[in-house]
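# Understanding the architecture of this molecule
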Amino acid sequence: MSTTPPDDVAALFGLDPLPEASPSAEQAAAAAAEAAALEAELAAAIESGDFAADAPDSRTDLRVKVSWPARMHLPDGHVIELQVRDVSQGGVGLKSDMHFPASTVVGFELDVPPLEHGGSPTPVKGVIRTTYTVAHGSEIIGGATWQAPPAGLPLVIDWIERLRD
């Protein structure tokens, strides 16, 4: 699998270009501390249930719960095994035992089971942008949006329709 240069990915998806210079060690440490504090706050809120049960959801696509295996292909060649927790036409909810990056455009592949009994899962390959990650106990949960509809999206939509009831 070839890797697209970061500047080309940024241009392709309308992202801000990467900064020319790396942050200083002090800036990196401050950003890491801020991210860790936010992650801890979010994890504590999730654990305690400290959010409104009727809070509005900004997502416009119907999500359905699933448990499908998936893989995230990082630009450095590493592959992270994931579990898809929920799926919609616009993206996926993810779970992993390994940390995966937030706000990153990566290759992604999920195994969608056949609609009828028997047969093999269909690999649906695409590109996602991870939107967030949160440590939840020993697991990392997160979400991602499709950057372009994958070729296998009609099969995913068929599953969404089947599971929506």
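As a reminder, the structure under discussion sits directly above these lines.
Residues numbered from 1 in each chain as written. Predicted model: local features only at pLDDT ≥ 70, side-chain atom pairs only at ≥ 80, totals over all residues. Heavy atoms only, no water.

## Quick look at the pairing of strand β6 (residues 139-146)
With respect to burial, β6 is a largely interior element, six of its eight residues being buried. By the bridge criterion, six bridges tie strand β3 (residues 91-96) to β6 in an arrangement that is antiparallel. The residue bridging Ser96 from the neighbouring strand is Ile140, located in β6. (Buried < 20%, exposed > 50% of the residue type's maximum accessible area, 1.4 Å probe, protein only. Helix = DSSP H or I, 4+ residues; strand = E, 2+ residues; numbered from the N terminus. Pairing = 2+ DSSP bridges.)

## Remarks on the environment of Leu163
Relative to the helices and strands, Leu163 resides in helix α3 (residues 153-163). A relative accessible area of 34% means that Leu163 is categorised as partly exposed. Each C-alpha atom of the pair Leu163 and Val64 lies 6.4 Å from the other, and the pair is 99 residues apart in sequence. Beyond its immediate chain neighbours, meaning those up to four positions away, Leu163 contacts Val64, Lys65 and Val66. (Contact = heavy atoms within 4.5 Å.)

## Some thoughts on the sheet that holds strand β2 (residues 79-87)
Spatial ordering of the closed barrel is given by β1-β2-β3-β6-β5-β4, a layout of six strands whose pairing is antiparallel. Going from strand to strand, the sheet's axes swing by 45° on average, the running direction of each strand aside. Inspection of the sheet shows strand β1 (residues 64-73) paired to strand β4 (residues 105-112) by four bridges, in the antiparallel sense. Residue pairing across strands places Arg71 opposite Glu109, the latter belonging to β4. Packed on one face of the sheet, α3 meets β1, β2, β4, β5 (122-136) and β6 and runs near 155° to β1. (Axes fitted to C-alpha atoms, helices over the stretch in contact; angles between N-to-C directions.)

Worth remembering: the numbers are spatial, not functional.
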